[in-house]
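The chain contents come next:
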Amino acid sequence: MDIRAEEISKIIRAQIEDYDSSVEVSEVGTVISVGDGIARVHGLEKVMSGELLEFPHGIAGMALNLEEDQVGCVLLGEASEIKEGDLVKRTKKIMAVPAGDAMVGSVVNALGQPIDGKGSIATDTSNPVVRIAPGIVYR
């Protein structure tokens, strides 16, 4: 059997060209306790107050109590699904819900997703969930 450098070089080049170098980097933490709809998470050092977090089983949470070594998160879903040791991912998005006239008459969940069977809400406007209330005169 005759091994030629040209063939080896050709095979290696083909493999390098087909190599997919996309890498997903995400910041994750670990649930250390769960109770009363609140999860305590360790390992999310850069999380922002009001940030939307992804828990297992499609459950979302919102970071509220930022401490030095842990984060307190409000669970926006079935808390019984979450257990100690589950991984939690940052979304790097402040939690916001749809806003505007399209919301009038809609029934939505805590994430602003429609649950009334009328379909999606056609609006490009959204407001953060945690924000300073407008002045009394404006209201």
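Treat the numbers as computed from the prediction; the structure is a model and nothing was measured.

1. A word on the nonpolar core
Then step 1. Counting residues in each nonpolar core, the largest one holds 14 residues, and the members touching the most others are Val 41, Leu 44, Leu 53, Phe 55 and Val 88.
Then step 2. Of all the secondary structure elements, the ones that give two or more residues to this core are β2 (38–42) and β5 (71–76).
Then step 3. Ranked by residue count, the leading element in this core is β5, at 3 residues.
Then step 4. Leu 44 has contacts with Glu 27, Val 28, Gly 29, Leu 53, Val 71, Val 88 and Arg 90, leaving out every residue within four places of it along the chain.

2. Side note on a nonpolar patch on the surface
Then step 1. Taken together, the side chains of Ile 3, Ile 8, Ile 12 and Ile 16 make up a nonpolar region of the molecular surface, amounting to roughly 400 Å² of accessible area.
Then step 2. When you line up the elements, Ile 3 lands in the segment before α1 (5–18).
Then step 3. Note on Ile 3: relative accessible area 62%, which makes it exposed.

3. Some points on the pairing of strand β6 (residues 87–94)
Then step 1. Taken together, the 3 bridges between strand β1 (residues 28–35) and β6 define a ladder with antiparallel strand orientation. Residue pairing in the sheet places Gly 29 in a bridge with Val 88 of β6.
Then step 2. Two strands pair when backbone bridges link them, and strand β3 (residues 51–54) and β6 are joined in this way by 3 bridges, in the antiparallel orientation. Paired with Leu 53 across the strands is Arg 90, a residue of β6.

4. Here we look at the sheet that holds β5
Then step 1. Spatial ordering of the closed barrel is given by β1-β2-β5-β4-β3-β6, a layout of 6 strands whose pairing is antiparallel. Here the strands of the sheet are splayed against their neighbours by 45 degrees on average, with no regard to which way each runs.

5. Some details on unusual backbone geometry
Then step 1. The residue Asp 36 is not glycine, and still its phi comes out positive at about 55 degrees.
Then step 2. When you line up the elements, Asp 36 lands in the loop between β1 and β2.
Then step 3. A relative accessible area of 82% means that Asp 36 is categorised as exposed.
Then step 4. One non-glycine residue, His 57, lies in positive phi territory at about 65 degrees.
Then step 5. Relative to the elements of secondary structure, His 57 occurs in the loop between β3 and β4 (60–66).

6. Concerning the side chain of Arg 90
Then step 1. Structurally, the position occupied by Arg 90 is in strand β6.
Then step 2. Reaching out from Arg 90, the side chain makes a polar contact with the side chain of Glu 27 at a distance of 3.1 Å.
Then step 3. Polar contacts involving the side chain of Arg 90 include one to the main-chain carbonyl oxygen of Lys 46, which spans 3.3 Å.

Criteria and cut-off values
- Residues numbered from 1 in each chain as written.
- Predicted model: local features only at pLDDT ≥ 70, side-chain atom pairs only at ≥ 80, totals over all residues.
- Heavy atoms only, no water.
- Core = buried A, V, L, I, M, F, W, Y, C linked by side-chain atoms within 4.5 Å.
- Buried < 20%, exposed > 50% of the residue type's maximum accessible area, 1.4 Å probe, protein only.
- Helix = DSSP H or I, 4+ residues; strand = E, 2+ residues; numbered from the N terminus.
- Contact = heavy atoms within 4.5 Å.
- Patch = residues over 30% accessible without salt bridge, like charges linked within 9 Å, V, L, I, M, F, W, Y side chains within 5 Å.
- Areas by Shrake-Rupley, 256 points an atom, 1.4 Å probe, with all protein chains shown as cover.
- Salt bridge = Lys/Arg side-chain N within 4 Å of Asp/Glu carboxyl O.
- Pairing = 2+ DSSP bridges.
- Axes fitted to C-alpha atoms, helices over the stretch in contact; angles between N-to-C directions.
- Polar contact = N/O pair within 3.5 Å; in protein donor to acceptor, adjacent residues only side chain to side chain.

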